[in-house]
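One-letter residues, chain by chain:
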Amino acid sequence: MVISVKKKYLWLDTFMILLNLSYSYSIIPHIVFFQYSRAYSTLIVFVVNCLFIFFRFKRSFNFRFKNILFSLFISINILNLVFGTFTGTYGYGMAPFIFSNLTFYFILHNLFTNYKINFDIKTSLWLILRGYVYLSLISVVGVVIVFLLIKMFGFIPNINDIGETMNLFESNLRDPNFKYYFPYNLSVLMEYNEIRLPFFQEYGILTGLYHEPHIMTFLITPSYFILLGYIKANWKKILTTLFYILALLISTSATNLMALMFLFFIYFFIFRKKDFLFLIVSCLIFSSVFIAYGILKDSIIFNFILEKLSSGSFYYSNNTISYAFSPKSLIGTSFYNLEYLDTYWNFGNKSMDVGYIIFILNIFFLFFIIRKIYIINLKIDYEKSFYIGLSFIYFFLHSMKINMYSYSLSFTLFMIFLISIIIKNKIFFKKTIS
């Protein structure tokens, strides 16, 4: 009877995981809590987390854990708060993220501990994963539906302007070329007047529940590999793949494209060395089609990639990476304060730096996460760990774009937790979705 009693909590657990992941750049907290500010929404999530912990776990709740990545994650955030306060560069709107992330980790830890008592290890993992998978599918399905409405029924999606109602869009709206819509509450539409691709972006860029295409692809793409690891029926795999490919094409993130291409080469060079000839043939075919399409379409695709590589987005990535590895002083300034960047509304403050202490801790974090991802992909039978291994590689590659800002994301914490429990429990995807 213990299992049947615990089952009544399962959907509430899933909702809590979905809610906590949603404050990583999604509009869900704004909609659920009617809040303009991300800081207030995140503070509300923290309060909800505390109430959930009290009523869900009661006396069974425990704080004990062994996770070096989580310890570094929290240490970096706390030291950044202390150093940023000392130098007057910390924006206190970021403080709620520390507390909400801390409680989120303990929720994950205690839920998984509870699940292992009542269910087998693979079911326990799926119960942790499904909140993330469902959150991702909301974006994928929403994007595809709006796109099909546009193409098949002549639907004009530039309705329900939400740009002024959520500060998630605030920085982008400083550029007058941006506008944000939420047609029929299905998918955010980012209207942008400069970089466009024909057919897929006739009215703008559909970004699901998120405010930028690269953010959407960063947060949903790992869920595709997770789903492939659980789905067994071939027709379901094909349908899932088609939906994700269409959603990723519509969003058209250059970072996403480069990360996926890197994964493609990893698969053949490391996992499928015997299929090297197939790799060469595939590359030749892909290159021929790519070149032919570029010629036939007046090189639109090539121009898109070149514009992306010379755009402010590429400049932003270069500067955030440079900042993270260029300490100048002992404690530095808050890495959440982006005044060190040159933008059209701000001259970069070159006196700001990451500081040697945070720099060293970040190096340790990168070392351990790379090592653990390496273990999952190469030290464990890849036939079993293949899909989850790809999701972690993709996460790491794409997270380099936002660099130090990834320490604010509940999604980063979620991936840290998954990496830890998969190595510790040797869990692999060999179970059909329930």
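Residues numbered from 1 in each chain as written. Predicted model: local features only at pLDDT ≥ 70, side-chain atom pairs only at ≥ 80, totals over all residues. Heavy atoms only, no water.

What follows is about the overall build of the protein. The helix and strand inventory of the protein stands at 16 helices and 3 strands. Put simply, the protein has 434 residues, and 53% of those count as buried. Residue pairs at least 24 apart in sequence account for 71% of intrachain contacts in the protein once pairs closer than 6 positions are excluded. Summed over all atoms, the accessible surface of the protein reaches about 20,400 Å², with 68% contributed by carbon and sulfur. (Helix = DSSP H or I, 4+ residues; strand = E, 2+ residues; numbered from the N terminus. Buried < 20%, exposed > 50% of the residue type's maximum accessible area, 1.4 Å probe, protein only. Contact = heavy atoms within 4.5 Å. Areas by Shrake-Rupley, 256 points an atom, 1.4 Å probe, with all protein chains shown as cover.)

Turning our attention to the pairing of strand β2 (residues 189-192). Residues Leu189 and Glu191 of β2 are buried on one face, and the alternating residues Met190 and Tyr192, pointing to the opposite face, are buried as well. As paired strands, strand β1 (residues 178-181) and β2 are joined by 4 bridges and run antiparallel to one another. Residue pairing for β2: Tyr180 is matched across the bridge by Met190. Examined bridge by bridge, β2 and strand β3 (residues 205-206) share 2 bridges and lie antiparallel to one another. Among the inter-strand pairings, Leu189 is bridged to a residue of β3, identified as Leu206. (Pairing = 2+ DSSP bridges.)

The subject of this paragraph is unusual backbone geometry. The phi angle of most residues is negative, glycine excepted, and most peptide bonds adopt the trans form. Look at Tyr184: it is not a glycine, yet its phi comes out positive at around 50°. Considering the arrangement of structural elements, one finds Tyr184 in the loop between β1 and β2. You can call Tyr184 exposed: its relative accessible area is 58%.

Here we come to the nonpolar core. The tendency in soluble globular proteins is for nonpolar side chains to be buried side by side. In terms of nonpolar packing, the biggest core is built from 126 residues, with Ile128, Tyr210, Phe365, Phe392, Phe411, Phe414 and Leu418 touching the most fellow members. Here the element with the most residues in this core is helix α7 (residues 121-153); it accounts for 13 residues. Setting aside its immediate chain neighbours within four residues, Phe411 contacts Leu21, Ser24, Tyr132, Phe218, Leu219, Pro222 and Phe395. (Core = buried A, V, L, I, M, F, W, Y, C linked by side-chain atoms within 4.5 Å.)

This part takes up the sheet that holds β3. Whether parallel or antiparallel, the strands of a sheet pair through hydrogen bonds between backbone atoms. As summarised here, the arrangement of the 3 strands in space is β1-β2-β3, forming an open sheet in which the pairing is antiparallel. Of all the strands in the sheet, just β1 and β3 have a single pairing partner and so form its edges.

All right, on to the confidence of the model for the protein then. For the protein, mean pLDDT is 82; residues scoring 70 or higher make up 81% of the total. Put simply, helix α1 (residues 2-7) is where the protein has its lowest mean pLDDT, 50, and helix α2 (residues 10-22) is where it has its highest, 95. The model gives residues 1-5 a pLDDT under 50, and that stretch makes 3 contacts with residues more than four places away or in other chains. (pLDDT = per-residue confidence, 0-100.)

With 13 residues, α2 extends 18 Å between its outermost C-alpha atoms, agreeing within 8% with the 18 Å of an ideal straight helix rising 1.5 Å per residue. Among the 13 residues of α2, 10 are classified as buried, and the element is accordingly described as predominantly covered. Those residues of α2 lying buried are Leu10, Asp13, Thr14, Met16, Ile17, Leu18, Leu19, Asn20, Leu21 and Ser22. (Expected span 1.5 Å × (residues − 1).)

A few words now on empty space enclosed by the protein. Within this structure, the stated rule accounts for 4 cavities of 30 Å³ or more. Estimates place the volume of the largest cavity at around 60 Å³. At 3 residues, α7 tops the list of elements feeding residues into the lining of the largest cavity. Of the residues that constitute the lining of the largest cavity, the class distribution is 8 nonpolar, 2 polar and 2 charged. (1 Å grid on protein atoms, 1.4 Å probe; cavity = no way out; pocket = protein on both sides within 12 Å on 5 of 7 lines; lining within 4 Å. Points joined across faces, edges and corners; volume = space filled by probe spheres on them. Nonpolar A, V, L, I, M, F, W, Y, C, P; charged D, E, K, R; others polar.)

Counted by the stated rule, this structure contains 31 aromatic pairs. Geometrically, the ring pair formed by Tyr105 and Phe106 is edge-to-face, given 6.2 Å between the ring centres and 75° between the ring planes. On the basis of relative accessibility, which here comes to 9%, the residue Phe106 falls in the buried class. Grouped by ring-pair contacts, the aromatic residues Phe73, Phe335, Tyr336, Phe365, Tyr405 and Tyr407 constitute a single cluster. Across the ring face of Trp11, the terminal group of Arg130 is positioned such that the distance to the ring centre comes to 3.9 Å. (Phe/Tyr/Trp six-rings, centres within 6.5 Å; stacked < 30°, edge-to-face > 60°. Lys NZ or Arg CZ within 6 Å of the ring centre and 35° of its normal.)

Now for the packing of helix α4 (residues 38-56) against helix α6 (residues 95-118). In the contact formed by α4 and α6, the axes pass within 9 Å of each other and the chain directions differ by 30°. Judged by the inter-axis angle, α4 sits roughly parallel to α6. Regarding α4 and α6, the two cross each other, and that crossing is left-handed. Contacts between α4 and α6 involve Arg38, Ala39, Thr42, Leu43, Phe46, Asn49, Cys50, Phe52, Ile53 and Arg56 on the former and, on the latter, Pro96, Phe97, Phe99, Ser100, Thr103, Phe104, Ile107, Leu111, Asn114 and Tyr115. Residues of the contact of α4 with α6, tallied by class, amount to 13 nonpolar, 5 polar and 2 charged. (Axes fitted to C-alpha atoms, helices over the stretch in contact; angles between N-to-C directions. Parallel < 35°, antiparallel > 145°, perpendicular 65-115°, else oblique. Left-handed = near helix turned anticlockwise from the far one by under 90°.)

Right, let's talk about helix α9 (residues 234-251) for a bit. Over its 18 residues, α9 runs 26 Å from end to end, which matches the ideal 26 Å to within 8%, given 1.5 Å per residue. Burial in α9 covers these residues: Thr240, Tyr244, Ala247, Leu248, Ile250 and Ser251. Considered in projection along α9, the buried side chains sweep an arc of 160° and stay on one side of the axis. Exposed residues lying more than 90 degrees from the buried face of α9 are Asn234, Trp235, Ile238 and Leu242. Two residues or fewer past α9, Thr252 is found with a positive phi of approximately 50°. (Arc of directions from axis to C-beta.)

This part covers the environment of Leu79. Here Leu79 is to be found in helix α5 (residues 68-87). Note: C-alpha distance between Leu79 and Ile331 (252 residues apart in sequence) is 8.8 Å. Setting aside residues no more than four positions away along its own chain, Leu79 makes contact with Gly84, Ile357, Ile358 and Leu361.

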